[in-house]
Amino acid sequence: MNAKPFQIWCVSDGRAGIERQTLAVAQAINEWVPVTIKTLRLTPRPPQVYLPPQLWPAPMAALAEEQRGQLVAPWPDVWIGNGRRAIPYSLRAKGWSGGKTLVVQLQDPRMDPARFDLVVSPRHDELTGRNVIETLGAPVWFSDDQIASAKAQFPDVTAITARKVLVVLGGPSKRHRFSLTRAHDIIAALTLLLAQSNHVLITTSRRTPEPVEALFRAFAADNHLSFFATEDQDGPNPYLAWLSQADCALVTEDSTNMMTDAAFFGLPLYLMKLEGGDARFDRLHAQFIEAGAARWFQGHLDTWHYAPVRDALEVGRVIAGHLTNAEL
């Protein structure tokens, strides 16, 4: 066993959902072996960013001096990269470290996965390889300490005696659109749930359009519901406290992360339709439904049970095994 904690670098372009996946894997490794975690946010500049990641001739030249200065020895025991703009650096991390660093890339890199030590990819990407670890959704991890701290910070959630319905709203993407028309449809359905003595907790994401956010904020205020969008407007973020104490979750169909957050706690997960979609997300939804975690929201709520989806723990076990050369 390592005398000191293993060093982990979590490398991304800093986008919240992308960075969060790297941190989740690092925290899951910590469930098996002690680690220290460093977050690196690399924001390479044009023109190399317009090339496929494997064809960048000089990735270091694309970074500002301050970011270049972070990519120096001592190199980490584990490099966890995520996002396409992290890939040119992930491809070189092994060489930079003289072979010391275990290089883990999250999501389908759209190249031979053998170019990395391990690739962690959601099943709906249909990536295969000897070094590929498949997950149902995104790698998500919340430690017991994080959950306990969140509950202690928001004791009012515990005091709610009605069924707690968590509503998580995403936003437009390359595949989906979130119109005001669809927002009004969702609010109409939530109004019916309120009439059945449910308490609704509503949170938005960074992608939620401002008009949609404003509509739900007003709906929450008019009905004395819990609402969170930003810390500037609404105070500390209650998302984890809500997740850990909700009785079920209604989640828009556009986010793997948001779906997996709810499934991490084994919440009955209802998917809410937006406009748009594609075959890849169709596979994602079908796999969550086949796993017993999700159903499409049809306006009413049922209760069912399934094993919480905690694939990140298995990912952490595999990586910890590589670090210790032991079966865990």
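The paragraphs below set out a description of the structure included in this document. Because the structure is predicted, anything quoted here is derived from the model rather than measured. (Residues numbered from 1 in each chain as written. Predicted model: local features only at pLDDT ≥ 70, side-chain atom pairs only at ≥ 80, totals over all residues. Heavy atoms only, no water.)

Here we come to the environment of Pro-52. Assignment of secondary structure puts Pro-52 in the loop between β2 (35-41) and α2 (65-68). C-alpha of Pro-52 to C-alpha of Pro-88: the two residues are 36 residues apart in sequence and 8.9 Å apart in space. (Helix = DSSP H or I, 4+ residues; strand = E, 2+ residues; numbered from the N terminus.)

Moving on, we get to the sheet that holds strand β3 (residues 78-82). Strand order in the open sheet formed by 6 strands is β2-β1-β3-β4-β5-β6, and the pairing between neighbours is parallel. For this open sheet the edge positions go to β2 and β6 (132-135), each flanked by a neighbour on one side alone. Direction aside, the axes of adjacent strands within the sheet are offset by 20° on average. Here strand β5 (residues 118-122) runs beside β6; their pairing, made up of 4 bridges, is parallel. Bridging from a neighbouring strand, Val-120 pairs with Ile-133 of β6. Taken strand by strand, helix α3 (residues 87-96) contacts β3 and β4 (102-106), and its axis lies near 170° from that of β4. (Pairing = 2+ DSSP bridges. Axes fitted to C-alpha atoms, helices over the stretch in contact; angles between N-to-C directions. Contact = heavy atoms within 4.5 Å.)

This part covers the sheet that holds strand β7 (residues 163-168). Taken together, 6 strands build an open sheet; the order of strands is β10-β9-β7-β11-β12-β14 and the sheet is parallel. Whereas interior strands pair on both sides, the edge strands pair on one side only; in this sheet they are β10 (226-228) and β14 (294-296). The average undirected angle you get between the axes of adjacent strands in this sheet is 20°. In this structure, strand β12 (residues 269-272) lies alongside β14, joined through 3 bridges in parallel fashion.

Attention now goes to the pairing of strand β9 (residues 198-203). Of all the 6 residues making up β9, 6 are buried; the element is thus mostly covered by neighbouring parts of the structure. Going residue by residue along β9, you find Asn-198, Val-200 and Ile-202 tucked away on one face and His-199, Leu-201 and Thr-203 tucked away on the opposite face as well. Bridge analysis of β7 against β9 gives 6 bridges, and the strand direction is parallel. Bridge pairing in β9 links Arg-163 to Asn-198. Note that β9 and β10 share 3 bridges and pair parallel. Each residue of the ladder has a partner; that of Ile-202, found in β10, is Phe-227. Where the polypeptide runs from β9 across helix α7 (residues 210-222) and back to β10, its parallel neighbour, the crossover connection is right-handed. (Buried < 20%, exposed > 50% of the residue type's maximum accessible area, 1.4 Å probe, protein only. Right-handed = clockwise from strand over helix to strand, strands pointing away.)

The terminal C-alpha atoms of helix α12 (residues 311-324) lie 20 Å apart, and with 14 residues this matches the ideal 20 Å at 1.5 Å per residue to within 8%. Within the sequence span of α12, burial applies to Ala-312, Val-315, Gly-316, Val-318, Ile-319, Ala-320, Gly-321, Leu-323 and Thr-324. The inward-facing, buried residues of α12 abut β1 (6-12), α1 (16-29), β3, β4, β5 and β6. Among the residues trailing α12, Asn-325 stands out with phi positive, at a value near 55°. (Expected span 1.5 Å × (residues − 1).)

Structurally, the position occupied by Thr-135 is in strand β6. Of note is the side chain of Thr-135, whose polar atom sits 2.7 Å from the backbone oxygen of Gly-137. Not counting the four nearest positions on each side in its chain, Thr-135 is found in contact with Val-120, Ser-121, Pro-122, Arg-123, Asp-311 and Val-315. (Polar contact = N/O pair within 3.5 Å; in protein donor to acceptor, adjacent residues only side chain to side chain.)

Under the defined criterion, the tally for this structure stands at 11 aromatic pairs. Residues Phe-142 and Phe-265 carry aromatic rings whose centres are separated by 5.7 Å and whose planes lie at 25° to one another, so their mutual orientation is stacked. In this pair, Phe-142 sits in the loop between β6 and α4 (144-153) while Phe-265 sits in the loop between α10 (256-264) and β12, placing the two residues 123 residues apart along the sequence. The rings of Trp-9, Trp-75, Trp-79 and Trp-96 are connected pair by pair, giving a single aromatic cluster. Sitting over the ring of Trp-296, Lys-273 keeps its end group 4.1 Å from the ring centre. (Phe/Tyr/Trp six-rings, centres within 6.5 Å; stacked < 30°, edge-to-face > 60°. Lys NZ or Arg CZ within 6 Å of the ring centre and 35° of its normal.)

What follows is about the pairing of β4. For a regular strand, side-chain orientation follows a simple rule: the groups alternate between the two sheet faces. Taking burial as the measure, the 5 residues of β4 include 5 buried ones, the bulk of the element. Neither face of β4 is open: one carries Leu-102, Val-104 and Leu-106, the other Val-103 and Gln-105, and all of them are buried. In this structure, β3 lies alongside β4, joined through 5 bridges in parallel fashion. Pairing of Trp-79 across the sheet is with Val-103, part of β4. In this fold, the crossover linking β3 to β4 by way of α3 has right-handed handedness. When β4 meets β5, the two strands line up parallel, connected through 3 bridges. The residue of β5 that forms the bridge with Val-104 is Leu-118.

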